[in-house]
Amino acid sequence: MRISRAWTGAGRLRRAATAGALVVALFGTAACTGTAPGGPVAAAPAPTGAAPTPTGAATGGPPAAQVPDVLRFTGTTLGGAAFDAAQLAGKPVVLWFWAPWCATCASQAWTVAEIAPRYRDTVPIVGVAGLGERKAMKEFVTEFDLGATPQIEDGKGALWKRFKVTEQSIFVIIDRSGTIVHQGFLDGEALTAKVAALAGA
């Protein structure tokens, strides 16, 4: 009886050892799957903090808007926030190039301050401040109540050059496909009419 139990115990030990060796071998093979030269690459799990899936990709939502070249620029607002024009893709956009000492810009600022909040979600208006000191630009924004509208600081004129703007006050209007449909002066009435038309298009 004791011999039988001993043999049974030994058999169990051998089976456990064999099973353990198989598990080790299987894990060893799996760990090498993605690195073997010439072999298929194993799919790695998504890392923590991976970028979210773009809108419309495997979510059932509308497809994400393609970013046209005209909106592939970044900057910093007068308030110090980072600004990426790519976020405006798929919408009509108005870029307003102004200078803080410009009397014409001052007269247009009232119209911009009035209509920009109304069309913020449909036709964003973005100011591009140049040809002046940062302090003067910030005072201009405060004086004309433009704080609710993004105002990019462009003291070095990089965006002015990009859009070939050589004077102020100039409006560059980009439709939702990324085509510039207007570049030039607009008085308050004409600006309001164009923005309203774009919002309804």
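For every chain, the first residue of its written sequence is number 1, and the numbers climb from 1 along that sequence. Thresholds applied to this predicted model are a pLDDT of at least 70 for local features of residues and 80 or more for the giving and counting of side-chain atom pairs; totals over whole chains, interfaces and linings are not thresholded and use all residues. In computing side-chain values, all of the structure's heavy atoms are included and hydrogens and water are not.

Enquirer: What's the story with helix 3 (residues 134-143) in this structure? I'm lost.
Expert: Because an α-helix packs 3.6 residues into every turn, residues spaced three or four apart end up facing the same way. Working definition: with a 1.4 Å probe on protein chains only, accessible area under 20% of the residue-type maximum means buried, over 50% means exposed, and in between means partly exposed. A run of H or I in DSSP becomes a helix once it reaches four residues, and a run of E becomes a strand once it reaches two; helices and strands are each numbered from the N terminus. Considered for burial, the residues of helix 3 that qualify are Met137, Phe140 and Val141. One side of helix 3 holds all its buried residues, which, seen down the axis, span an arc of 95 degrees. Away from its buried face by more than 90 degrees, helix 3 exposes Lys135, Thr142 and Glu143. Packed against the buried residues of helix 3 are strand 3 (93-98), helix 2 (103-115), strand 4 (125-129) and strand 5 (151-153). Two residues or fewer past helix 3, Asp145 is found with a positive phi of approximately 55 degrees. Our arc is simply the arc of the directions from the helix axis toward the C-beta atoms. In this analysis, two residues are considered to be in contact whenever any of their non-hydrogen atoms come within 4.5 Å of each other.

Enquirer: Help me understand the packing of helix 2 against helix 5 (residues 188-200), please; the structure alone is not making it clear to me.
Expert: Relative to each other, helix 2 and helix 5 sit at 25 degrees, their axes nearing to 9 Å. By the criterion of interaxial angle, the relationship of helix 2 to helix 5 is roughly parallel. At the point where helix 2 passes helix 5, the crossing takes the right-handed sense. Only Gly188, Leu191, Thr192 and Val195 of helix 5 make contact with helix 2, whose side of the interface consists of Thr111, Val112 and Ile115. Three categories are distinguished: nonpolar for Ala, Val, Leu, Ile, Met, Phe, Trp, Tyr, Cys and Pro, charged for Asp, Glu, Lys and Arg, and polar for the others, with Gly belonging to the last. Residue classes in the contact of helix 2 with helix 5 are distributed as 4 nonpolar, 3 polar and no charged. With axes taken as lines fitted to C-alpha atoms, and helix axes fitted only over the stretch in contact, angles between N-to-C directions fall between 0 and 180 degrees. Under this scheme an angle from 65 to 115 degrees is roughly perpendicular, one under 35 degrees roughly parallel, and one over 145 degrees roughly antiparallel; angles in between are oblique. Two helices that cross are described as forming a left-handed crossing if the nearer one is turned anticlockwise from the farther one by less than a right angle, and a right-handed crossing if clockwise.

Enquirer: Even after reading the chapter, I still don't get the pairing of strand 3, so can you show me in this structure?
Expert: Along any regular strand the residues' side chains alternate between the sheet's two faces. Counting buried positions along strand 3 yields 6 of 6 residues, so the element is predominantly enclosed. Burial of the side chains of strand 3 extends over both faces: Val93, Leu95 and Phe97 are buried on one face and Val94, Trp96 and Trp98 on the other. Pairing of strand 3 with strand 6 (residues 170-174) involves 5 bridges; the strand directions are antiparallel. Its bridge partner lying in strand 6, Leu95 is registered against Val172. At least two bridges found by DSSP between two strands are what make those strands a pair.

Enquirer: I'm lost on the sheet that holds strand 3 in this one. Help?
Expert: Whether parallel or antiparallel, the strands of a sheet pair through hydrogen bonds between backbone atoms. The 5 strands lie next to each other as 5-4-3-6-7, forming an open sheet whose pairing is mixed. Of all the strands in the sheet, just strand 5 and strand 7 (180-184) have a single pairing partner and so form its edges. Going across the sheet, the axis of each strand differs from the next one's by a mean of 15 degrees, ignoring polarity. Bridge count for strand 6 against strand 7 is 4 bridges, and the pairing is antiparallel. The residue of strand 7 that forms the bridge with Val172 is Gln183. Strands strand 3, strand 4 and strand 5 of the sheet are contacted by helix 3, whose axis makes an angle of about 125 degrees with strand 3. Against the sheet, helix 5 contacts strand 3, strand 4, strand 6 and strand 7, and its axis sits at roughly 10 degrees relative to strand 6.

Enquirer: Would you explain the packing of aromatic side chains in this entry?
Expert: Two rings from Phe, Tyr or Trp (for Trp, the six-membered ring) form a pair when their centres are within 6.5 Å of each other. A pair whose planes differ by under 30 degrees is stacked, one over 60 is edge-to-face, and the rest are tilted. Scanning the model with the defined rule gives 9 aromatic pairs in all. Relative to Phe171, the ring of Trp96 has its centre 6.0 Å away and its plane inclined at 10 degrees; by these criteria the two rings are stacked. Here Trp96 is found in strand 3, whereas its partner Phe171 is found in strand 6, with 75 residues between them in sequence. Of the two residues examined, Trp96 and Phe171, each falls in the buried class.

Enquirer: Would you mind showing me how to read the nonpolar core here?
Expert: In globular proteins that are soluble, nonpolar side chains generally tend to be buried together. In these notes, a set of buried Ala, Val, Leu, Ile, Met, Phe, Trp, Tyr and Cys residues joined through side-chain atoms within 4.5 Å is what counts as a nonpolar core. Core analysis: the largest hydrophobic core is formed by 28 residues, its most contacted members being Trp96, Trp98, Phe140 and Leu146. Of all the secondary structure elements, the ones that give two or more residues to this core are strand 3, helix 2, strand 4, helix 3, strand 6 and helix 5. It is helix 2 that provides the largest number of residues to this core, a total of 6 residues. One finds Phe83, Phe163, Val165 and Ile170 within the second-largest nonpolar core, a separate group that totals 19 residues.

Enquirer: What am I meant to see in the environment of Lys156 here?
Expert: With respect to the helices and strands, the residue Lys156 is situated in the loop between strand 5 and helix 4 (158-162). The sequence separation of Lys156 and Ala129 amounts to 27 residues, and the corresponding C-alpha distance is 9.9 Å.

Enquirer: Hey, could you run me through helix 5 in this one?
Expert: Here helix 5 spans 19 Å end to end across 13 residues, near enough to the 18 Å set by a 1.5 Å rise per residue. Considered for burial, the residues of helix 5 that qualify are Leu191, Val195 and Leu198. Buried residues in helix 5, looked at end-on, bunch into an arc of 60 degrees, giving them a common side. The exposed residues of helix 5 that point more than 90 degrees off its buried face are Glu189 and Gly200. Buried residues belonging to helix 5 abut strand 3, helix 2, strand 4 and strand 6. Identification of polar contacts relies on pairs of N or O atoms within 3.5 Å, with a donor-acceptor requirement for protein atoms, meaning one able to donate a hydrogen and the other able to accept it, and with residues adjacent in sequence counted only if both atoms are side-chain atoms. The N-cap residue of helix 5 is Asp187: its side-chain oxygen and the backbone nitrogen of Glu189 are 3.3 Å apart. Between the first and last residue of a helix there are one fewer steps than residues, each counted as 1.5 Å, and that sum is the expected span.

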